Amino acid sequence: MTTEAELLGFLKSERDRQVDFLQRFARIDTANPPGDTRQAADFFRAFLDKEGIAHRTEAPKANNPNIIASFEGGRGPGRHLVLNGHLDVFPVGDRATWQRDPWSGDISDGRLHGRGTVDMKCGTTALLFAFAYLHRLRADLSGRVTLTVVSDEETGGKWGTAWLLEKCAKDVTGDCVLNSEPSGLATVRFGEKCMLWLRFTIAVKGGHSAYPHTGGSANKVAAALIQDLLAIEKMAPDEPATVRATLDRPEVRAAAELSLGAGAADVTRRVSVNIGTIQGGVKINMLPPDCVLEVDFRLPVGISRAAVLGRVAEIARRHPGTRFEELLPGGPEANVSDPTHEMMGHLLRRAGALLDAPPQPIVSLGGTDTRFWRTRGVPAFVYGCSPAGMGGVDESVSLAEFHHVMKVHALAAWDFLAGG
Ligand SMILES: [Zn+2]
């Protein structure tokens, strides 16, 4: 038997074990906040122990352990592939609105229920099993495979992936990263927009509304300011050539719209400006002396934070009494990997062979931990189950998608490390 056939054999013959693991994982409360993932980490470590795979734990905060497991292939040195998933999940919210216990792990009609099953207990479990199967077949692989299972993704990653890449860089940086956050089977994500949050404060003299000539209105300034800020949506991104060529393709545009909603093909490639809050004015017959706006800019690949901040500063200067500050300063840039990278080819081909139509490479609207690798120049790709219901009430994941995602990652990793 060829080892690829053995890999397929493990994927198929252990389906019950895979589902059992996911079910038990779904029953462990890892809601973040508070984000205590110790029990889930124990559960993962017990699995690795059983598989005879070495691992270690890095816990900058005792309740948020991160696991690193790694092995060398038997065919000598080669590339280092990193698999990345997270243990923590969104909080439950209002428990009364759930039909089932959010930690039930119930299986019904081919779906496994529970908070975080979509984001991303399905994906993290898929990568754990793919990793274990590759380990069993390591004699036929070259290079190295590392699994990182982190405990802080939902609150920004500071104590999870960001910490590991800072403190354990040589162990977890790698040459390529696979992540299985929910992407939907129709798309493989190779980049992400980023967010830039600004607060504008407008302060003018104000006064009596019957005497507009005696003092300005901060709300009136805000109205004009907003129009200028919205014009930032027209900034043209400077996309790398392969990114532009990929995102221009009609089938890629169609997949983006299918996956992210009508209009998404354009939204992924331009700045979006959301005037999230406006607070100004005291009373109907007073000229408002101040107004505060909070604005959420989402930046596409090819437009830097600095470029937008420069434009904003220019605009703010034109409006009297206006100043602004960055909320969450130092955030990430929009980030992207080469959509023609070899790993993308493996993912598209392996998934395409199992689906009616191959997935398409797109840029994501939301963020994942892959940004931490991309910003270090390491190519990173996301392929996972449907994001539908993610973080919502009665979250549940399709078991067929769970098996599919595991298989695609295992085979793409195989292609990357066994080299055909
Ligand atoms: Zn996630």
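Small disclaimer: the values here were computed from a predicted structure and weren't measured.

Draft legend 1. The arrangement of the packing of helix H2 (residues 15-26) against helix H4 (residues 117-136) in detail. It is the contact of H2 with H4, at a shortest axis distance of 10 Å, that shows an interaxial angle of 140°. Considering their axes alone, H2 and H4 lie oblique with respect to each other. In this structure, H2 meets H4 at a crossing whose hand is right-handed. When H2 is examined against H4, the residues Arg17, Gln18, Phe21, Leu22, Phe25 and Ala26 are found in contact with a partner set consisting of Thr117, Lys121, Cys122, Thr124, Thr125, Leu128, Phe129, Tyr133 and Arg136. Across the contact of H2 with H4, the residue classes break down as 8 nonpolar, 4 polar and 3 charged.

Draft legend 2. A look at the sheet that holds strand S9 (residues 194-203). Read from one edge to the other, the open sheet built from 4 strands follows the order S11-S13-S9-S14, with strand pairing classed as antiparallel. The sheet is open, and its two edges are formed by strand S11 (272-280) and strand S14 (322-327), each paired on a single side. The mean inter-strand angle of the sheet, taken between neighbouring strand axes irrespective of direction, is 20°. On the sheet, helix H11 (residues 305-318) packs against S9, strand S13 (290-299) and S14 and is oriented at approximately 15° with respect to S9.

Draft legend 3. Structural context of the coordination of the zinc ion. Only His86 (NE2), Asp119 (OD), Glu181 (OE) and Glu181 (OE) from the protein reach the zinc ion as donors, at distances of 1.9 to 2.4 Å. For the zinc ion, the 4 donor atoms are set out with angles of 58 to 147° between them, so the coordination reads as irregular.

Draft legend 4. Summary view of the domain arrangement of the protein chain. Here the protein chain is described as being made up of domain 1 (3-192 + 334-418) and domain 2 (194-235 + 270-326). Put simply, the middle of domain 1 and the middle of domain 2, counted by C-alpha atoms, are 41 Å apart. Contacts between domain 1 and domain 2 engage 6 residues on the former and 5 residues on the latter. Here domain 1 and domain 2 share an interface that buries about 340 Å² over both sides, 68% of which is from carbon and sulfur atoms. The interface formed by domain 1 and domain 2 holds 0 residue pairs in polar contact (both at pLDDT 80 or more) in total. Each residue belonging to the side of domain 1 that touches domain 2 can be placed in one class, and the counts come to 4 nonpolar, 1 polar and 1 charged.

Draft legend 5. Here's a closer look at the side chain of Thr117. Structurally, Thr117 can be placed in helix H4. When near neighbours in sequence (up to four residues on either side) are disregarded, Thr117 contacts Ala26, Leu112, Cys122, Glu395, Ser396 and Val397.

Draft legend 6. View of the packing of aromatic side chains. By the definition in use, this model includes 11 aromatic pairs. Consider the rings of Phe21 and Phe47, whose centres lie 5.4 Å apart with planes at 75°: the pair is edge-to-face. Here the residue Phe21 occupies a position in helix H2, and Phe47 occupies one in helix H3 (residues 38-50), the gap between them amounting to 26 residues. The exposure classification of Phe21 matches that of Phe47, with both residues buried. Put simply, the rings of Phe10, Phe21, Phe25, Phe43, Phe44, Phe47, Phe129 and Tyr133 touch in pairs and so form one group of aromatic residues. Looking at Arg79, its charged tip hangs above the ring of Phe416, at a distance of 3.8 Å from the centre. Above the face of the Phe10 ring, Arg136 is positioned so that its terminal group lies 4.6 Å from the ring centre.

The rules behind each value
Residues numbered from 1 in each chain as written. Predicted model: local features only at pLDDT ≥ 70, side-chain atom pairs only at ≥ 80, totals over all residues. Heavy atoms only, no water. Axes fitted to C-alpha atoms, helices over the stretch in contact; angles between N-to-C directions. Helix = DSSP H or I, 4+ residues; strand = E, 2+ residues; numbered from the N terminus. Parallel < 35°, antiparallel > 145°, perpendicular 65-115°, else oblique. Left-handed = near helix turned anticlockwise from the far one by under 90°. Contact = heavy atoms within 4.5 Å. Nonpolar A, V, L, I, M, F, W, Y, C, P; charged D, E, K, R; others polar. Pairing = 2+ DSSP bridges. Donors = N, O, S within 2.8 Å, 3.2 Å for Na, K, Ca; no water. Tetrahedral: all angles 85-135°; square planar, octahedral: opposite > 155°, others 65-115°. Domains from an automatic or database assignment. Buried area = accessible area lost by both parts, 1.4 Å probe. Polar contact = N/O pair within 3.5 Å; in protein donor to acceptor, adjacent residues only side chain to side chain. Phe/Tyr/Trp six-rings, centres within 6.5 Å; stacked < 30°, edge-to-face > 60°. Buried < 20%, exposed > 50% of the residue type's maximum accessible area, 1.4 Å probe, protein only. Lys NZ or Arg CZ within 6 Å of the ring centre and 35° of its normal.

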